[in-house]
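A structural walkthrough
Each chain, letter by letter, is given below.
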Amino acid sequence: MLATVRRSGAAWTWALLLQLLLAGPGGCLSRQELFPFGPEHGDLELEAGDDLVSPALELSTALHFFDRSDIDSVYVTTNGIIAMSEPPAKETHPGPFPPTFGAVAPFLADLDTTDGLGKVYYREDLSPSVTQLAAECVQRGFPEISFKPSSAVVVTWESVAPYQGPSKDPTLEGKRNTFQCILASSDSSTYAIFLYPEDGLQFYTAFSKKEENQVPAVVAFSQGLTGLIWKSDGAYNIFANDRESVGNLAKSSNSGLQGIWVFEIGSPATASGVIPADVNLELDDEAEYDDEDYDSVTHLGLEDAVTTSFPYEAPRRGDSGTYNTPSDLSPRRMATERPLTPPTEKTRSFQLPGERFPQQQPQVIDVDEVEETGIVLTGVLCSLRAVFSYNTDSRQTCTSNRHQCSVHAQCRDFATGFCCSCVAGYTGNGRQCVAEGSPQRVNGKVKGRIFVGDSQVPIVFENTDLHSYVVMNHGRSYTAISTIPETVGYSLLPLAPIGGIIGWMFAVEQDGFKNGFSITGGEFTRQAEVTFVGHPDKLTIKQQFSGIDEHGHLTIDTELEGRVPQIAFGSSVHIEPYTELYHYSRQVITSSSTREYTVTEPEQHGTAPSHVHTYQWRQTITFQECVHDDSRLVLPSTQQLSVDSVFVLYNQEERILRYALSNSIGPVRDGSPDALQNPCYIGSHGCDANAACRPGPGTQFTCECSIGFRGDGRTCYDIDECSEQPSVCGNHAVCNNHPGTFRCECVEGYRFSEAGTCVADMDLRPINHCETGLHDCDIPQRAQCKFMGHGSYTCICLPGFSGDGRACQDVNECQPSRCHPDAFCYNTPGSFVCRCKYGYQGDGFHCVPGGVEKTRCQQERERVVGTADSPRPQPPGLFVPECDEQGHYVPTQCHSSTGYCWCVDRDGQEVEGTRTGSGMRPPCLSTVAPPVHFGPPVLTAVIPPPPGTHLLFAQTGKIERLPLEGSTMTKSEAKTLLHAPDKVIIGLAFDCVDKMIYWTDISQPSIGRASLHGGEPTTIIRQDLGSPEGIALDHLGRNIFWTDSQLDRIEVAKLDGTQRRVLFETDLVNPRGIVTDSMRGNLYWTDWNRDNPKIETSYMDGTNRRILVQDDLGLPNGLTFDAYSSQLCWVDAGTHRAECLNPGQPNIRKVLEGLQYPFAVTSFGKNLYYTDWKTNSVVAVDLAVSKEMDSFHPHKQTRLYGITSALSQCPEGHNYCSVNNGGCTHLCLATPGSRTCRCPDNTLGVDCIEQK
């Protein structure tokens, strides 16, 4: 059967290939060119009817959708929707958009298959023919990305009819629609492909049961409701919602092929909205269109939607920033905007870039090559005739397209189109021009996923800054990439060509030769592959250059992926001068070279070993050029880039990678590129940094100040155009001088016209900032925005809150209490609640004895001191128990006469080994869950945090997250990660591999976990636990370890809670903190036994147990191990200290005095972070200066427990359990330099092998 399917798939692919090769360019999509569908292809069929929803389609590969990555099932509806969760019954028929559930809507309308003629088919398809075709479609729409899907959800609505309603519309009689949606997914992203065949859309409206009239269909995406307590609409994007735009779906495209639309719907870039493709539809030069068809094609494209001004702008791929307002777009115009008018401008620069163009390159199909090699070309559907032209129709002239040229360029019309060329004194390709000789700045972002050496764990970094400064007349570029992790920084030193591409752009040009900016204008795509000779290592570099931004800086996005050889910490790298040949053809530049670099390692024993390595570079640069000007200078087919003075450095302290290179471009020559050359070409001219070097005969040259500067060329001064030409900007404008240029700004009430002058803005209606959300008031749950008219507003705190309206704090109505003396007062956000104490009844404002039976603690206390109504004299020296608000024993009991304190269990019995002397309170834990207060219900699902490193800490009934910016706590961004109102969470541990948080709960003794990607928490262990407190995780061996202070033991298990084994159950009294050193296979824990406090260590398999620290300890609580510095640190509530040591040198201890009452501790970078019971805060300590630097006080002032660091990437390294579970059948427990295979307890009869 499988072979049959494969043969039929191949036959279908070949048939499609032949059809499309014979088809003319620009043709409409036919039904036969849809993805294969029907029962013969494994499709399921939705039951015939109206407003029906399929059963869940379980997926083998999870879908990514907006900010989620865990959608493992979808639902298909009759009405043109694929739902990410089961739609509520009341939303099975179409209503206002967006719905409350996540939805992909290729054609949302009230559709009907009751007559049995229309069909809805759906399946998940894993076949290579379908996934490769989907990949080609996505590549067609997003040519800059590499996408390899492993599955595709294929949904087809075939010949579906519109729901007619009670009064049938005769114009819709017999009309049927056929369309298709493909959701293609890889491990990291999901794309949607909508296909509308030529005759597939015969109707554009359907009868709405809610509106009771005909309404247009909608093409859209919705994230669904978001939020835990207060629900609100998430992000959503509407791409078509009127008859005209829906009718044009089959006639136009955003992927370059008619009727096919592609969208990026799930990836790190889509958290705030779906990203549409942006490839213009290609028209055949020889095809004829009547005016109506021409308007349909040119007006529909999504470029109208995605170039609209912020805040309603749909995000583009690679954009950064947060879009708070959901995009609501249609192909014609946004639903929220007024009829399209020229955009309003307040500022105009005289070095603005020209219009940006999507980057494309020709796709060539060689039929002979197919026949000779036997290669089946899938995806021809989406790549046929994909050449993008500089203009698409000869009717486009400079008259209507002058804006596509730089303001420093002239536009010229030619027989087939127009071209732009920079004016004298400027260089570039005409769309982008910069002053000759002027220094240039390049800004961008770098992200990477790099394996170093033999490591199986990638180093991942996101949103890293790249800045480059170019001295153009020397061809010298200086590039810095910041916040590169130490684990990969030195190993990236040989990759100077990452910044070298910028040097090629601004290389010194020899006569008759052009650098990269002159050719491309800084708008191109570069893909490079680096192969390290003698190593199985290969690195891919993808760079997108997007021209000049509004600040006059070039922009670049860089992506690194692959493996590089490891270079030792502290090494230096030297790269000799080299040459590289660049081969030019139409819109494509290629080069390849083999080069050497020398690595000198840090000096050891008086010598510094050095090694020479070889690597090969191959790169392809694709760009656009104007093809209409035949008189333009024809570039030499080969140019030689000469690179010298190569400098590379990694600053470990600042984590900055620096590259510097000098570059010139010229003819191919042997020998030294500097020999007998003009000083302009080799950078020895001495011209000012703001001057151009003009070569003369032989070695003669002149220096000429750049446009906007004045001087003799060796010294140049900026011209203040605003002072010399006071009226340069015209009326109603202000002139601002900038180096080399100036900018004009229209005064308030005016905007730039198309003629470049400031004209009165007729639409000066005041903005209601409260309605638009463009205000700075506190959130609606705490404050109200009140519009005052004339564009002003005020912020008012709601009742129960105080402040200025921009920051409102909850008023604690329980201070003083407004409740009855025999009632407890509970403060809630904006209000308060009164509840009678146990043993009393009433409404909280008036309480009388009776009702609930008094607790054991209350009864014992009343026997000593009496009741509130009948107090007794208290005999001296008699112990009086303390009860909490619910009548339970307070976990720490103290004798008022002797000063002794001890811990008690829930029955009031003293816990062994906890009694302390006068003046010291033991760190006792309550085993009773906090009471559930009245108020809005809280969801227990994890709220996914944004990317980056976070501190996670446990507080009564919840886990909170606190983002770190470097080592600084970003306190304003602190949020609740997980609500757990029925738990007392003590210990926390984080799995940096799967991004999971693990915890111990002592209220109903258990161990649980939850994913930081979202979803409900799960309990993995609930049996045979007493009081689990500390928890640690070996991210390499995939095991958890925990302490139990009631059972006095330490256990280990797999991450899912299976295969439990007791490591220690002797010589333990009050074990609490526990940490692992995963790479060395060591385990550390604290025991705050009052008679003998200690810190112990062993191997992870339980062998080699020994006491590490025993002297000068009081109440050692928290423990942390820093994998980067190999330091073990702990906090002590008895000595009020934080101490650190290297386990290999236990006699050397670093001490910080003066802590209050520390409980738990974690480390990140140079800081320790600990939770404090006295201040109910998280405190940051700088170990370098032994000083407390900052503290964070959560809004809810209750006791804080465990704390851990949720790292954005795992520490580099491995142990002997990292690969294939160390070859063990069950538990693999690492030891220094080896591992031990252990069997779980109680595994009699299980096929388990123990070995070392």
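A quick note: this is a predicted structure, and the numbers were derived from the prediction, not measured. (Residues numbered from 1 in each chain as written. Predicted model: local features only at pLDDT ≥ 70, side-chain atom pairs only at ≥ 80, totals over all residues. Heavy atoms only, no water.)

**Comments concerning the environment of Pro 609**
Mapped onto the elements, Pro 609 comes out in the loop between β33 (588–600) and β34 (610–623). Spatially, the C-alpha atoms of Pro 609 and Ser 571 are 9.8 Å apart, while their sequence positions differ by 38 residues. Apart from residues lying up to four places away in sequence, Pro 609 is in contact with Val 599, Thr 600, Glu 601 and Pro 602. (Helix = DSSP H or I, 4+ residues; strand = E, 2+ residues; numbered from the N terminus. Contact = heavy atoms within 4.5 Å.)

**Considering the pairing of strand β30 (residues 554–564)**
For β30, the tally of buried residues reaches 8 of 11 residues, placing the bulk of the element in the interior. As defined by bridge partners, strand β29 (residues 538–548) adjoins β30 across 8 bridges and the pair is classed as antiparallel. In the strand pairing of β30, Ile 541 is matched with Leu 560. Between the end of β29 and the start of β30, which pair antiparallel, lie 5 residues, with Gly 552 showing a positive phi angle near 80°. (Buried < 20%, exposed > 50% of the residue type's maximum accessible area, 1.4 Å probe, protein only. Pairing = 2+ DSSP bridges.)

**Considerations on the packing of aromatic side chains**
For any pair of aromatic rings, the description consists of the separation of the ring centres together with the inter-plane angle of the planes. In the structure shown here, the tally under the stated rule is 33 aromatic pairs. Consider the rings of Phe 506 and Phe 517, whose centres lie 5.3 Å apart with planes at 25°: the pair is stacked. Placement of Phe 506 in the loop between α10 (497–505) and β27 (508–509) and of Phe 517 in helix α11 (residues 516–520) is noted, with a sequence separation of 11 residues between them. One exposure class covers both Phe 506 and Phe 517, and it is buried. Considering the side-chain rings of Phe 1159 and Tyr 1201, the 5.8 Å spacing of their centres and the 85° angle between planes classify their relative orientation as edge-to-face. (Phe/Tyr/Trp six-rings, centres within 6.5 Å; stacked < 30°, edge-to-face > 60°.)

**Details of the sheet that holds strand β78 (residues 1187–1192)**
Taking strand neighbours across the sheet as the criterion, the 4 strands line up as β75-β76-β77-β78 in an open arrangement whose pairing is antiparallel. In this open sheet, the two strands that pair with only one neighbour each are β75 (1158–1164) and β78. Across the sheet, the mean angle from the axis of one strand to that of its neighbour is 25°, orientation sign disregarded. When β75 meets strand β76 (residues 1167–1172), the two strands line up antiparallel, connected through 5 bridges. The residue of β76 that forms the bridge with Ser 1163 is Leu 1168. (Axes fitted to C-alpha atoms, helices over the stretch in contact; angles between N-to-C directions.)

**Digging into the UniProt feature "domain: EGF-like" (unreviewed entry) in the protein chain**
The residues that UniProt annotates with the feature "domain: EGF-like" (unreviewed entry) are residues 676–717, 718–756, 766–809 and 810–846. This span, residues 810–846, is 0% helix and 43% strand, and a straight line between its end C-alpha atoms measures 25 Å. (UniProt positions renumbered as here; feature names shortened; annotations may be inferred.)

**A look at the nonpolar core**
The biggest cluster of nonpolar side chains holds 62 residues, and the ones touching the most others in it are Ile 450, Leu 495, Trp 504, Ile 575 and Tyr 659. If sequence neighbours within four positions are ignored, Ile 575 has contacts with Leu 493, Pro 494, Ala 496, Glu 596, Tyr 597, Tyr 615, Val 646 and Val 648. (Core = buried A, V, L, I, M, F, W, Y, C linked by side-chain atoms within 4.5 Å.)

**With respect to the sheet that holds strand β70 (residues 1106–1109)**
Pairing within the open sheet is antiparallel, and its 4 strands lie in the order β67-β68-β69-β70. Both edges of this open sheet fall to β67 (1071–1077) and β70, since each of them pairs with a single strand only. Each adjacent strand pair in this sheet contributes to an overall mean axis angle of 30°, direction not counted. Inspection of the sheet shows strand β68 (residues 1082–1087) paired to strand β69 (residues 1094–1099) by 6 bridges, in the antiparallel sense. From the neighbouring strand, Trp 1085 faces β69, where its bridge partner is Glu 1096.

**A short note on the state of the cysteines**
Each disulfide consists of a covalent bond between the sulfur atoms of two cysteine residues. Across all of its chains, the model carries 23 disulfides by this definition. A sulfur-sulfur separation of 1.9 Å characterises the disulfide bridge that pairs Cys 814 with Cys 825. Its S-S torsion of approximately -80° makes the covalent link between Cys 814 and Cys 825 left-handed. Highlighted residues: Cys 814 in the loop between β48 (808–810) and β49 (823–828) and Cys 825 in strand β49, separated in sequence by 11 residues. Neither Cys 814 nor Cys 825 differs from the other in exposure class; each is buried. For Cys 857, the disulfide goes to Cys 883, at an S-S distance of 2.1 Å. Across the disulfide from Cys 857 to Cys 883, rotation about the S-S bond amounts to roughly -100°, and the bridge is consequently left-handed. Pair noted here: Cys 857 is in helix α15 (residues 856–865) and Cys 883 is in the loop between α15 and β53 (892–894), with a separation of 26 residues, a long-range link. (Disulfide = S-S within 2.5 Å.)

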